[in-house]
Amino acid sequence: MSGIIGDYQLKTGVIGQGSTGPSFAVMPSANLSLSADTHTKMVFNTIIFDSHGCFDNSTNYRFSPNVPGYYQYTCMMQFSSLTAGDSIMCTVRRDGNSSLYNNAQGRANGTSDTVVSTLCTYFDGSSADYIEVWAYSNDTNTVSGQGGVSTAGSILWATKIG
């Protein structure tokens, strides 16, 4: 297998198979409109796979591990309808706390730009913890849904690594 994770590996759960803990991949079923200067929780409501049933795709749109350990989270969000100077941010928050997060930022250079923000982070998780993804833009924009790694859109996946 090459170093690229594709839709086949996500849909079949090949990533995370070396782990005995939970792994998942989710994506939004539709685009999400962002208001200017507002942090908006991502609605990841389409499950590609969820090895242990730990991702809530209908109410809170978050991951709650049922096995303690270290988890790697990767989020790719595609922002569209950006204009020159617009800035965007993808944020992964732990337990709803905006001070316990990692983020990836980007900035549009031209008119009607599409910018992809990719974030990879690690958190120590217990059964009492949860992870959510938030999007931010300084202007009114759109986060693309219905995607995957090899197609346009947004996706979140994680696996237990230790």
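Residues numbered from 1 in each chain as written. Predicted model: local features only at pLDDT ≥ 70, side-chain atom pairs only at ≥ 80, totals over all residues. Heavy atoms only, no water.

### Points about the overall build of the protein chain
Piece 1. Within the protein chain, the regular secondary structure consists of 1 helix and 13 strands.
Piece 2. Looking at the protein chain as a whole, 49% of its 162 residues are labelled buried.
Piece 3. Considering only residue pairs separated by 6 or more positions, the protein chain has 71% of its internal contacts joining residues 24 or more positions apart.
Piece 4. Summed over its atoms, the accessible surface of the protein chain is roughly 7400 Å², and 47% of this surface lies on carbon and sulfur atoms. (Helix = DSSP H or I, 4+ residues; strand = E, 2+ residues; numbered from the N terminus. Buried < 20%, exposed > 50% of the residue type's maximum accessible area, 1.4 Å probe, protein only. Contact = heavy atoms within 4.5 Å. Areas by Shrake-Rupley, 256 points an atom, 1.4 Å probe, with all protein chains shown as cover.)

### Considering the nonpolar core
Piece 1. Ranked by size, the top nonpolar core spans 29 residues in total, and within it M42, F44, M77, F79, V133, V143 and L156 carry the most contacts.
Piece 2. Put simply, the parts of the chain that give this core at least two residues each are β1 (23-27), β2 (32-34), β7 (69-82), β8 (87-94), β10 (113-125), β11 (131-137) and β13 (155-160).
Piece 3. Top contributing element to this core by residue count: β7, with 6 residues.
Piece 4. Residues contacting F44, with those up to four places away along its chain left out, are V26, M27, P28, F55, N57, Y61, C75, V133, S154, I155 and L156.
Piece 5. A25, F49, M76 and W157 belong to the second largest nonpolar core, which has 5 residues in total. (Core = buried A, V, L, I, M, F, W, Y, C linked by side-chain atoms within 4.5 Å.)

### With respect to the environment of I155
Piece 1. Inspection of the secondary structure puts I155 in strand β13.
Piece 2. Relative accessible area serves as the criterion here: at 0%, I155 is assigned to the buried category.
Piece 3. Between the C-alpha atom of I155 and that of M27, which follows or precedes it by 128 residues, the distance is 4.5 Å.

### Concerning the pairing of β13
Piece 1. Along β13, 6 of the 6 residues are buried, which leaves the element largely enclosed by surrounding structure.
Piece 2. Alignment of β1 against β13, held across 4 bridges, turns out to be antiparallel. Looking at the pairing, S23 lines up with T159 of β13.
Piece 3. Bridge count for β7 against β13 is 6 bridges, and the pairing is antiparallel. Within β13, the residue paired with Y73 across the bridge is A158. (Pairing = 2+ DSSP bridges.)

### Concerning the side chain of S154
Piece 1. Here S154 is to be found in the loop between β12 (141-143) and β13.
Piece 2. Overall, the relative accessible area of 0% leaves S154 in the buried class.
Piece 3. Among the polar contacts made by the side chain of S154, one reaches the main-chain amide nitrogen of Q78 at a distance of 3.2 Å. (Polar contact = N/O pair within 3.5 Å; in protein donor to acceptor, adjacent residues only side chain to side chain.)

### Concerning the pattern of salt bridges
Piece 1. One pass over the structure, following the stated rule, counts 4 salt bridges.
Piece 2. With its nearest N and O atoms 3.6 Å apart, the salt bridge here joins E132 to R62. Here the residue E132 occupies a position in strand β11, and R62 occupies one in strand β6 (residues 62-63), the gap between them amounting to 70 residues.
Piece 3. R94 is paired through a salt bridge with D95; the nearest N and O atoms lie 3.8 Å apart.
Piece 4. Under the relative-accessibility criterion, R94 is labelled partly exposed at 23%.
Piece 5. Among the charged side chains, a network of salt bridges with common partners joins K41, R62 and E132. (Salt bridge = Lys/Arg side-chain N within 4 Å of Asp/Glu carboxyl O.)

### Focus: the confidence of the model for the protein chain
Piece 1. Summarising the model, the protein chain shows a mean pLDDT of 78, and 78% of its residues fall at 70 or more.
Piece 2. Across the protein chain, strand β5 (residues 55-56) holds the top mean pLDDT of 96, while helix α1 (residues 7-12) sits lowest at 47.
Piece 3. Low pLDDT, under 50, characterises residues 1-17; the stretch is placed with 30 contacts to residues that sit more than four places away or in other chains. (pLDDT = per-residue confidence, 0-100.)

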